[in-house]
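# Notes for the structure review
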Amino acid sequence: SRPCPSPCSPRQLRLCSAAMKVFEVAFVFGFCVAAAIGEQAPTSLETSSPLGKVLELMDSLAAKVTKEGEVEAKAYKEYFEWCDDTSKNGEFAIKTAAAQKEK
């Protein structure tokens with residue numbers, strides 16, 4: 001059977017890869033800054049500071065990216081299963097037609 005084409009173009013894959021690398025660097029940077037100042041989680045006082053706001057935004061971005069990744073993974077799985085089913089149905093139709101032609 002033939003492998004299914006990727007639902008993303010090569011350009012889209014490069015952009016996603018670049019975005020994830022930027023996110024990883026920003027996340028690590030934010031974690032290091034939080035560790036350097038010795039704080040575990042932002043309190044109401046910390047969220048009013050610029051650094052607290054950055055950490056809050058990074059946490060919300062991480063949650064958003066994780067959720068979008070789960071949605072995309074589910075959609076890709078469904079697409080892959082559809083490709084697999086379509087491929088198997090096509091192979092079966094060809095075998096059936098060939099068998100009927102031989103009769």
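Quick caveat, the model's predicted, so the values are computed rather than measured. (Residues numbered from 1 in each chain as written. Predicted model: local features only at pLDDT ≥ 70, side-chain atom pairs only at ≥ 80, totals over all residues. Heavy atoms only, no water.)

### A short note on the overall build of the protein
Defined as follows: Only runs of H or I of at least four residues qualify as helices and only runs of E of at least two qualify as strands under DSSP, and these elements are numbered from the N terminus. Three exposure classes are used, based on accessible area relative to the maximum for each residue type with a 1.4 Å probe and protein chains only: buried under 20%, partly exposed in between, and exposed over 50%.
Along the protein, the regular secondary structure elements total three helices and zero strands. Seen in sequence order, the protein has helices and strands lined up from the N terminus as α-α-α. Residue burial in the protein is summarised as follows: out of 103 residues, 10% are buried.

### Some thoughts on the confidence of the model for the protein
Spelled out, the test is: Scored between 0 and 100, pLDDT is the confidence that the predictor attaches to each residue.
With 64% of its residues at a pLDDT of 70 or more, the protein shows a mean pLDDT of 77. The element-level mean pLDDT for the protein is lowest in helix 2 (residues 44-47), coming to 54, with helix 3 (residues 50-102) highest at 90.

### Looking at helix 3
Spacing of three or four residues puts side chains on the same side of an α-helix, whose turn is 3.6 residues. Short version of the rule: Take the residue count of a helix, subtract one, and multiply by 1.5 Å to get its expected span.
With 53 residues, helix 3 extends 77 Å from end C-alpha to end C-alpha; this agrees with the ideal 78 Å at 1.5 Å per step. Looking only at helix 3, the buried set comprises G52, L55, M58, A62 and C83.

### Observations regarding the pattern of salt bridges
For clarity, the cut-off: Salt bridges, as used here, are contacts in which a Lys or Arg side-chain nitrogen is within 4 Å of a carboxyl oxygen on Asp or Glu.
One pass over the full model with this rule turns up two salt bridges. K53 is the partner of E56 in a salt bridge, and the nearest nitrogen-oxygen pair spans 3.9 Å. Taken together, the positions of E56 and K53, both in helix 3 and three residues apart, correspond to about one turn of that helix. Among the residues examined, K53 registers a relative accessible area of 37% and is labelled partly exposed.

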